[in-house]
Amino acid sequence: MFFYLSKIFWLFAHPLNMTGILLFVGLILLFLQWTRLAAAAFSVAFVVVALSTWTSLGALMLHPLEDRFARPDPVPERIDGIIVLGGGFEGAVNLARGGYELNSSGDRFVETAILARRYRQVPVVVSGGTGTMVLEGEGDADTAPRLLNALGIEKSRLVLENRSRNTDENARFSRDLVDPQPGQTWLLVTSAFHMPRSVLLFEKAGFDVVPWPADYRTAGIETPGLAQDNAIDSLENTTVAIREWIGLLAYRLTGRTDRLLP
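Structural notes, computed from the coordinates. Please read these numbers as outputs of a predicted model, since none were measured by experiment. (Residues numbered from 1 in each chain as written. Predicted model: local features only at pLDDT ≥ 70, side-chain atom pairs only at ≥ 80, totals over all residues. Heavy atoms only, no water.)

### Some thoughts on the nonpolar core
Stage number 1. In terms of nonpolar packing, the biggest core is built from 22 residues, with I82, F109, L115, V126, L148 and V189 touching the most fellow members.
Stage number 2. For this core, the secondary-structure elements that each account for two or more residues are strand 1 (81-85), helix 6 (107-118), strand 2 (124-127), helix 7 (140-150), strand 4 (186-191) and strand 5 (210-214).
Stage number 3. Apart from residues no more than four positions distant in its own chain, V126 is found in contact with V84, F109, D140, A141, A144, L148, V159, L160 and E161.
Stage number 4. If you look at the next biggest cluster of nonpolar residues, it comprises 14 residues, including I83, A171, V199 and Y251. (Core = buried A, V, L, I, M, F, W, Y, C linked by side-chain atoms within 4.5 Å. Buried < 20%, exposed > 50% of the residue type's maximum accessible area, 1.4 Å probe, protein only. Helix = DSSP H or I, 4+ residues; strand = E, 2+ residues; numbered from the N terminus. Contact = heavy atoms within 4.5 Å.)

Rendered as structure tokens:
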């Protein structure tokens, strides 16, 4: 139920969807000659677009998430395994074409391949099923072997978890699959903005991991004011940031995590 409710809620909370809904409501109000309410709806729609696209709001919201964890220094001499969370592939395209097309979070899998070549004897867990309600797509755990094999990672090293639909299930299903033991060192690879929520959920699942963030979306030096990136990237940053902060809050309020940030 939580999975479906979260997807439905995000349909309305997404900045572009919210803008479209406000414009539609404004047109209806204008047709009914409720001009003041229509003007208010149009004004809010403009503010949402302006803040999301033409300001550094998204980058500033991402800073505390991306800066929460750094890669370990020094790098561990030995580890027991690598876990990469899904979300880096174009599932619908790969289902239709059979390739391994990456999306904006594809750095997760590039970094995983680099780590797998550095630590050549450890298993690589790929956790990610199909997290959509409407569109059909191939789960990341089903696509990843094609890419990782092409990059020289042996299929025998891959441990595939293709049932999870969200981060909570990533953590629980990965734990059940590999049965981590006390004292082991597992590297967790995911997007830097997604790492705080991931660490919280892996801790809740009883799976101690060492964060290895990838896929940074900001330079970390953006300042308040006009956007310091192109409009499309600024909009994506705002969208990602809002979704992630809502996710952190929702997981905390529903008891899936013990605190808002690790």
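We are not done yet, so read on.
### Regarding the pattern of salt bridges
Stage number 1. One pass over the full model with this rule turns up 13 salt bridges.
Stage number 2. Note that R78 and D80 form a salt bridge whose closest N and O atoms lie 3.0 Å from each other.
Stage number 3. The exposed category is assigned to R78, whose relative accessible area is 54%.
Stage number 4. Salt bridges linked by common partners bring D168, R172 and R256 together as one network. (Salt bridge = Lys/Arg side-chain N within 4 Å of Asp/Glu carboxyl O.)

### Section: a nonpolar patch on the surface
Stage number 1. Taken together, the side chains of I8, L11, F12, I21, F24, V25, I28, F31, L32, W34 and L37 define a hydrophobic patch exposed on the protein surface, amounting to about 1100 Å² of accessible area.
Stage number 2. Every element with two or more residues in the nonpolar patch is listed here: helix 1 (2-13) and helix 2 (15-31).
Stage number 3. It is helix 2 that provides the largest number of residues to the nonpolar patch, a total of 5 residues.
Stage number 4. With respect to the element layout, L37 can be found in helix 3 (residues 35-54). (Patch = residues over 30% accessible without salt bridge, like charges linked within 9 Å, V, L, I, M, F, W, Y side chains within 5 Å. Areas by Shrake-Rupley, 256 points an atom, 1.4 Å probe, with all protein chains shown as cover.)

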